[in-house]
Amino acid sequence: MSQMLALVIVIAILFIGDLVSTRTKAWIPSVFVSAVLFLIGYWTFFPKDIVSVAGVPPVVATMMIYLLITNMGTLLSIQQLKEQWKTIVISLAGIFGIIAALFGIGTFIFGVETVIVAIPPLVGGIVSALIMSEGAANAGLTTLSVFAIVIYVMQGFAGYPLTSIVLKKEGKMLLERFHKGELAATGQASSSSEESKEEPKLFRKLPKKYNTDYFKFFRLAFVGFLAYLVSTLLAPILTVSPYVLCLLFGIIAASVGFLERHALQKANGFGLCIMVLMLFVFDGLKAATPSMIVQIIYPLVGTIVLGVIGMYIFSFIIGKVLKVSKNMAFAISLTALYGFPADYIITNEVINSLTQDEKERKVLTDHMLPPMLVGGFISVTIVSVILAGIFVGFL
């Protein structure tokens, strides 16, 4: 198969996934559709190395992971996190609920290795799934390597409808309070977008014509290199995943003004990076056989169900303590199952389904969108990468 034919086929699959997701308003996740099509392809006429043939070998995907995780760190707004401290606590409580349920019950049913591989992808997204998939593959656990990818693909089926249901209940309650005069718009939803327009402090005097896409990429790569270097230097004493350090260094670099917020988006590279990573994720399905898929269905469904139950119990308790409604608390914790941009899309779809009045939309947006975005950021962007960096060492 020629490179261009392979490229056309794999990108067409990603497009079909997006198309179905859009048509069904995200009730059928794009990653699920794409994963099914890749599996059908691998079981029929795809060469096993179709992703590499298309131009995405593992070394290219690794480069994109470094850039993406460093970019994730730049998304952290310290001010917004201060305003949303209750959201952070609830999000962490939901994650602890997943860990408690799976380690407390799941290990006796599915085994320790399965639980270790399952938790980071269940708490996070594509990056943590890739870390655990690679770790399992390196440990010779081929089935669990595929399991890490499949759980990432499938968890949205639990997260999307549940989030939509509880957010609609929360939205109706907020509208009732608004009509009674008990609620007003806060303006929090616009703060992050305004902050993202700021130039990095260290380069404010630099003429804009010199702040090219290449300069943005250079700074991202440099910060990623520092993370790799520190990880290597620490290796004889302490094993720290370079991906975790990329996240930390990205936060620091954005805070001191070395990197701008949303640096990868501003360098016009975010879409390409995501495309490469998604192809690399689905490349992990090439080892999956029909018998293997049947073999992992039981632990797949079991770990997701246990995780969601643990998440609900812990978020409900912490929500009661912090005086946050059970619906909002559960919605915040559910963001761990999908993260950005799904948290943004689902919240907006719920708001649009509840009202078309501009004032009501603003109230709902200001009270529901910031906690959903922060919840997804804490779980998927920060905690899941840290957990993956720790858990992969146990395989």
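Since the model is a prediction, treat every value here as computed from it, not as a measurement.

(A) Focus on the side chain of Ser34. If you trace the backbone, Ser34 turns up in helix 2 (residues 30-43). Among residues more than four places away in sequence, those in contact with Ser34 are Ile13, Leu14, Gly17 and Phe282.

(B) Representation of the nonpolar core within the structure. Counting residues in hydrophobic clusters, the biggest one holds 119 residues, and the most contacted among them are Phe38, Phe282 and Leu285. Counting residues per element, this core draws most heavily on helix 19 (residues 358-391), which supplies 13 residues.

(C) Region of the structure containing helix 9 (residues 142-154). Helix length check: helix 9 (13 residues) gives 18 Å between terminal C-alpha atoms against 18 Å at 1.5 Å per residue, within 8%. Of all 13 residues in helix 9, 10 are buried; the element is thus mostly enclosed. Within the sequence span of helix 9, burial applies to Leu144, Ser145, Val146, Phe147, Ala148, Ile149, Val150, Ile151, Tyr152 and Val153. Each element contacted by the buried residues of helix 9 is listed here: helix 2, helix 7 (112-123), helix 8 (126-138), helix 10 (156-179), helix 15 (270-283) and helix 16 (290-322).

(D) Structural context of a nonpolar patch on the surface. Taken together, the side chains of Leu92, Phe96, Ile297, Val301, Val305, Ile309, Tyr312, Ile313, Phe314, Ile317 and Val321 make up a nonpolar region of the molecular surface, amounting to roughly 960 Å² of accessible area. You can call Ile317 partly exposed: its relative accessible area is 47%.

(E) Seen up close, the pattern of salt bridges. With the rule as written, the count across this model stands at three salt bridges. Linking Glu260 and Arg219 is a salt bridge whose minimum nitrogen-to-oxygen distance equals 2.9 Å. One end of the pair, Glu260, is in the loop between helix 13 (242-256) and helix 14 (263-266); the other, Arg219, is in helix 12 (residues 213-234), and 41 residues separate them in sequence. By relative accessible area, which is 2% here, Glu260 ends up buried. A salt bridge links Asp283 to Lys286, with the nearest nitrogen and oxygen atoms 3.5 Å apart. With a relative accessible area of 32%, Lys286 lands in the partly exposed category.

(F) The confidence of the model for the chain, seen in detail. For the chain, the mean per-residue pLDDT works out to 84, and 92% of the residues sit at or above 70. Between residues 190-194, whose pLDDT stays under 50, and residues either more than four places distant or in other chains, the model counts two contacts.

(G) Fine view of the packing of helix 2 against helix 15. It is at 10 Å that the axes of helix 2 and helix 15 come closest, and there the two elements cross at 50 degrees. Judged on the interaxial angle alone, helix 15 and helix 2 are oblique. Along this stretch, helix 2 crosses helix 15, giving a crossing that reads as right-handed. For the pair helix 2 and helix 15, the contacting residues are Val31, Ser34, Ala35, Phe38 and Tyr42 in the first and Met278, Leu279, Phe282 and Asp283 in the second. Residue composition of the contact of helix 2 with helix 15, by class: seven nonpolar, one polar and one charged.

(H) Structural detail: the packing of helix 1 (residues 3-23) against helix 2. It is at 7 Å that the axes of helix 1 and helix 2 come closest, and there the two elements cross at 140 degrees. Judged by the inter-axis angle, helix 1 sits oblique to helix 2. When the axes of helix 1 and helix 2 are compared, the crossing they make is right-handed. Side by side, helix 1 and helix 2 meet where Val10, Ile13, Leu14, Ile16, Gly17, Asp18, Val20 and Ser21 of the first sit next to Ser30, Val33, Ser34, Leu37 and Phe38 of the second. Across the contact of helix 1 with helix 2, the residue classes tally to eight nonpolar, four polar and one charged.

Calculation rules
- Residues numbered from 1 in each chain as written.
- Predicted model: local features only at pLDDT ≥ 70, side-chain atom pairs only at ≥ 80, totals over all residues.
- Heavy atoms only, no water.
- Helix = DSSP H or I, 4+ residues; strand = E, 2+ residues; numbered from the N terminus.
- Contact = heavy atoms within 4.5 Å.
- Core = buried A, V, L, I, M, F, W, Y, C linked by side-chain atoms within 4.5 Å.
- Buried < 20%, exposed > 50% of the residue type's maximum accessible area, 1.4 Å probe, protein only.
- Expected span 1.5 Å × (residues − 1).
- Patch = residues over 30% accessible without salt bridge, like charges linked within 9 Å, V, L, I, M, F, W, Y side chains within 5 Å.
- Areas by Shrake-Rupley, 256 points an atom, 1.4 Å probe, with all protein chains shown as cover.
- Salt bridge = Lys/Arg side-chain N within 4 Å of Asp/Glu carboxyl O.
- pLDDT = per-residue confidence, 0-100.
- Axes fitted to C-alpha atoms, helices over the stretch in contact; angles between N-to-C directions.
- Parallel < 35°, antiparallel > 145°, perpendicular 65-115°, else oblique.
- Left-handed = near helix turned anticlockwise from the far one by under 90°.
- Nonpolar A, V, L, I, M, F, W, Y, C, P; charged D, E, K, R; others polar.

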